[in-house]
Amino acid sequence: MEQSKVPWKKIYQAVLSCGNEHQLESFCIKVLAEVSQFCPYDQALVYFLDENGRIYHQRLVNMDERWNHLYLVYYFQTANGRYDCGREFRENPSQPPVQLREWAVEPGSEFLADYIRPYGIQQSLGFPLYDIYGKPRTIFALDRLRGQPYGEQELRLLSLLIPQLNNLHKNFFSFQAEKPLPGRIDRDTLHLTRREKPANKKSSPKKDLTTDY
């Protein structure tokens, strides 16, 4: 594919396909499927975050559940939280929508030596999607274990696609606009399932591991 050519029709079709999904989880599954047309990957995941940044659900694609569990219960907190996908951050339009990690050039760490290298991950491409207040509510990670590295054209196409998907994603949280205090949600009015309600104990860990696989 030539650098100058952008498959706008294919991009719009992908956006339309995702827009036809009216449940957050099915939307995210469709996003993974559509993204793979522009940027193939060997394995992927999506984490679902509540408004406090806790992971309450996840979907894995071709990923070993045991390795993912190790990350959630331990490795996210190593290297001073450098690899914690749930760390606090906000939407910043001036930043690229997609972040690429080249693990071969990352500084040495326990996470790199005991997790990334044994698992055989060569590159990880990640992007969050936000709610209407700029909080990350889903985080996607796409890994390549072998073959060609992610190319500039693939990253370029995702940088065009992801902002449009982000706008669709925000619609799932539009009910928050009716709240008097942005980011403050009365859970009793949301009819959340038991799984979606974080524990009230102050000693609760940051990661909620009662997730579905």
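**Overview of the overall build of the protein chain**
When helices and strands are tallied, the protein chain shows 5 helices and 5 strands. Ordered by position from N to C terminus, the α and β elements of the protein chain give α-α-β-β-α-β-α-β-β-α. Counting all 213 residues of the protein chain, 42% fall into the buried class. In the protein chain, 67% of the contacts between residues at least 6 apart in sequence involve partners at least 24 apart.

**A word on the environment of Asp 114**
Looking at the element boundaries, Asp 114 is found in helix α4 (residues 110–119). Given a relative accessible area of 38%, Asp 114 falls into the partly exposed group. When near neighbours in sequence (up to four residues on either side) are disregarded, Asp 114 contacts Trp 67 and Tyr 75.

**Some details on the nonpolar core**
One recurring pattern in soluble globular proteins is that nonpolar side chains are buried together. Counting residues in each nonpolar core, the largest one holds 31 residues, and the members touching the most others are Phe 127, Leu 142, Leu 158 and Leu 161. At the level of secondary structure, the elements contributing two or more residues to this core comprise α1 (8–19), α2 (24–38), β1 (43–49), β4 (123–130), β5 (136–144) and α5 (152–170). Counting residues per element, this core draws most heavily on α2, which supplies 7 residues. One finds Trp 103, Leu 112, Tyr 115 and Ile 121 within the second-largest nonpolar core, a separate group that totals 19 residues.

**A word on the side chain of Asp 143**
Looking at where Asp 143 falls in the secondary structure, it is placed in strand β5. Of the side chains with opposite charge, Arg 101 comes closest to the buried, unpaired Asp 143, at an N-O distance of 9.3 Å. Polar side-chain contacts of Asp 143 include one of 2.7 Å to the side chain of Ser 124. Residues within four places of Asp 143 in sequence aside, it is in contact with Tyr 41, Asp 42, Gln 43, Met 63, Ile 121, Gln 123, Ser 124 and Tyr 150.

**Quick word on the sheet that holds β1**
Taking strand neighbours across the sheet as the criterion, the 5 strands line up as β2-β1-β5-β4-β3 in an open arrangement whose pairing is antiparallel. Because the sheet does not close on itself, it has two edges, and the strands there are β2 (55–61) and β3 (99–102). Across the sheet, the axes of successive neighbouring strands diverge by a mean angle of 15°, strand direction being ignored. Note that β1 and β2 share 6 bridges and pair antiparallel. Bridge pairing links Leu 45 to Leu 60 in β2. The strands touched by α2 are β1, β2, β4 and β5; relative to β5, the strand with the most contacts, the crossing angle is about 30°.

The rules behind each value
- Residues numbered from 1 in each chain as written.
- Predicted model: local features only at pLDDT ≥ 70, side-chain atom pairs only at ≥ 80, totals over all residues.
- Heavy atoms only, no water.
- Helix = DSSP H or I, 4+ residues; strand = E, 2+ residues; numbered from the N terminus.
- Buried < 20%, exposed > 50% of the residue type's maximum accessible area, 1.4 Å probe, protein only.
- Contact = heavy atoms within 4.5 Å.
- Core = buried A, V, L, I, M, F, W, Y, C linked by side-chain atoms within 4.5 Å.
- Lys, Arg positive; Asp, Glu negative; His and termini not counted.
- Salt bridge = Lys/Arg side-chain N within 4 Å of Asp/Glu carboxyl O.
- Polar contact = N/O pair within 3.5 Å; in protein donor to acceptor, adjacent residues only side chain to side chain.
- Pairing = 2+ DSSP bridges.
- Axes fitted to C-alpha atoms, helices over the stretch in contact; angles between N-to-C directions.

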